[in-house]
Amino acid sequence: MRIFDTTLRDGEQAPGIDLTVEQKIMIANKLADLGVDVIEAGFPASSEGEFVATKRIFEEVGDKVEVIGLSRSNKNDIDKTISTGISSIHLFIATSELHMKYKLKMTKEEVLNRIYESVRYAKDHGMIVEFSPEDATRTEEDFLFTAIRTAIEAGADRINIPDTVGVMHPFKYYDLIKKIVNFVGEKIIVSTHCHNDFGLATANSLAGVYAGARQVHVTVNGIGERAGNASLEEVVMGIKKLLNYEVNVKTWKLYEVSRFVAEMTGVPVPYFKAIVGDNAFGHESGIHVHGVIENPFTYEPISPEEVGNFRRLALGKHSGIHGLKKLLEEQGIYLSDDKLKIVLSEIKKLAESGHRVTVDDAKNIALKLLNS
Ligand code: KIV
Ligand code: ZN
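Keep in mind it's a predicted model, so treat the numbers as computed, not measured.

## Focus on the overall build of the protein
A count of helices and strands for the protein gives 15 helices and 10 strands. Taking the principal axes of its C-alpha atoms as reference, the protein extends roughly 85 × 40 × 35 Å. Split into buried and exposed, the 372 residues of the protein put 46% on the buried side. For the protein, long-range pairs separated by at least 24 residues make up 69% of all intrachain contacts whose partners lie at least 6 apart in sequence.

## Let's talk about unusual backbone geometry
Even without being glycine, K105 reaches a positive phi, approximately 55°. By secondary structure assignment, the location of K105 is in the loop between α5 (97-104) and α6 (108-124). Residue K105 is classed as exposed on the basis of its 8 C-beta neighbours within 10 Å. The phi angle at D135 is positive, at roughly 60°, despite the residue not being glycine. For D135, the location among the structural elements is in the loop between β5 (128-134) and α7 (141-153). A count of 23 C-beta atoms within 10 Å places D135 in the buried class.

## Brief notes about the sheet that holds strand β8 (residues 215-218)
By way of backbone hydrogen bonds, the strands of a sheet pair with one another, either parallel or antiparallel. Pairing within the closed barrel is parallel, and its eight strands lie in the order β1-β2-β3-β4-β5-β6-β7-β8. Within this sheet the neighbouring strands show an average axis-to-axis angle of 25°, counted without direction. The sheet contact formed by strand β6 (residues 158-163) and strand β7 (residues 189-194) spans six bridges and is parallel. Bridge pairing in β7 places I159 opposite V190. In the packing of helix α3 (residues 48-61) onto the sheet, contacts are made with β2 (38-42) and β3 (66-72), and the angle to β2 comes to roughly 150°. Lying over the sheet, helix α8 (residues 170-184) contacts β6 and β7, oriented at roughly 165° with respect to β6.

## What to know about the nonpolar core
Core analysis: the largest hydrophobic core is formed by 87 residues, its most contacted members being I39, A151 and I177. In terms of residue count, α8 provides more of this core than any other element does, seven residues in total. The residues contacting I177, other than those within four sequence positions of it, are I161, V190, T192, G208, A211, G212 and A213. By size, the runner-up hydrophobic cluster in this structure holds 10 residues, among which are L324, V343, I347 and A366.

## Some points on the confidence of the model for the protein
Model confidence for the protein is summarised by a mean pLDDT of 97, while 100% of its residues fall at 70 or above. The element-level mean pLDDT for the protein is lowest in strand β10 (residues 312-313), coming to 93, with β8 highest at 99. Scoring the predicted complex yields pTM 0.96 and, for the interface, ipTM 0.99.

## With respect to the packing of helix α14 (residues 337-352) against helix α15 (residues 359-371)
Helix-helix packing is described using two parameters, namely the angle between the two axes and the distance between the axes. Running from N to C, α14 and α15 cross one another at 135°; their axes reach a closest spacing of 10 Å. As judged from the angle between their axes, α14 and α15 are oblique. Our pair here, α14 against α15, has a crossing hand that is right-handed. Two secondary-structure elements touch here, α14 through K339, I342, V343, E346, I347 and L350 and α15 through D361, A362, I365, A366 and L369. Classifying every residue of the contact of α14 with α15 by side-chain character gives eight nonpolar, no polar and three charged.

## Points about the pairing of strand β1 (residues 2-5)
Bridge count between β1 and β8: four bridges; the pairing is parallel. If you follow R2 over to β8, its bridge partner there is Q215. With two bridges joining them, β1 and β2 adopt parallel strand pairing. The residue bridging D5 from the neighbouring strand is I39, located in β2.

Reading the values: rules and limits
- Residues numbered from 1 in each chain as written.
- Chains lettered and ligands numbered in written order.
- Predicted model: local features only at pLDDT ≥ 70, side-chain atom pairs only at ≥ 80, totals over all residues.
- Helix = DSSP H or I, 4+ residues; strand = E, 2+ residues; numbered from the N terminus.
- Buried ≥ 20, exposed ≤ 12 C-beta atoms within 10 Å, placed from the backbone.
- Contact = placed C-beta atoms within 7 Å.
- Pairing = 2+ DSSP bridges.
- Axes fitted to C-alpha atoms, helices over the stretch in contact; angles between N-to-C directions.
- Core = buried A, V, L, I, M, F, W, Y, C linked by C-beta atoms within 7 Å.
- pLDDT = per-residue confidence, 0-100.
- Parallel < 35°, antiparallel > 145°, perpendicular 65-115°, else oblique.
- Left-handed = near helix turned anticlockwise from the far one by under 90°.
- Nonpolar A, V, L, I, M, F, W, Y, C, P; charged D, E, K, R; others polar.

Right, here's the structure in full:
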């Protein structure tokens, strides 16, 4: 399964995220170390910074990972992209009625001609071509298939199916990808590109993979336009653990890369975020903590080490004796069961008064008790 990371292109398109060339290069290095298969470095024709970033990212990591640049389906954009030195190009043009009429102001015939000419032009310049019919999931089906056939006849190597405004649900996207995979045959890689407007980007990406897509577009922490893109961490772990497909990603580096991107972009990782959130392996209630101490799989579907995250046993009004004992013993404090009960009751009182109880609080209560 190919992981196509678009953090530095679609992710960076999110309002409020503007990375410098140096920051983009640092993130690209992290992504290459993480083991993604493709890095979409930017949109070279959109600005000088994007041009320079794409060129430099290719020079820096192009020997370890495929580096691709986004390009509109016109010769000027393609020439600019080629002049960065990269050898893969991601061409796109919208195919839905809505986009063709209001944005492109082009007829179907004009769009088909543009697809053929741009893909052919890029192929004639020796590029690997991935083609995206933008807004594919709101495109009238016959026309979508005609657009895909046109791109393949012109030489496209991969077809990406963007759910540009996230209107798919897993059953629908599964059906669509299955049809496309059957239509294009073995030689062409079909890719997913899911946006998260209904919170379904991860589910839709997995449905696409289940239907035969061999590549997924993702961004670190799911950053991207509006509600974002499919999150790399969630999709990678879903593919690995739920669908049991191989991925090249070194999953134990996921947490570190997630935090690095959060720091560079200034967009924090939500507390409850799956896989990389601070509470993804957090436990407070006595029953859960007891279970996890006996065997972590009782309340953790994967181990935190597998994704580089940490188990966090918290203290609060739901805490129990087992969790408290473990936390105190980790601090070198060993108490009898009777004393533990006293400390636990103090902790619950503190939590109920609105205080967020820390291990230090528990330690102080325990030491006071021991010294009294
Ligand atoms: O969401 C989208 O349609 C895109 C395309 C440019 C592939 O990001
Ligand atoms: Zn997108």
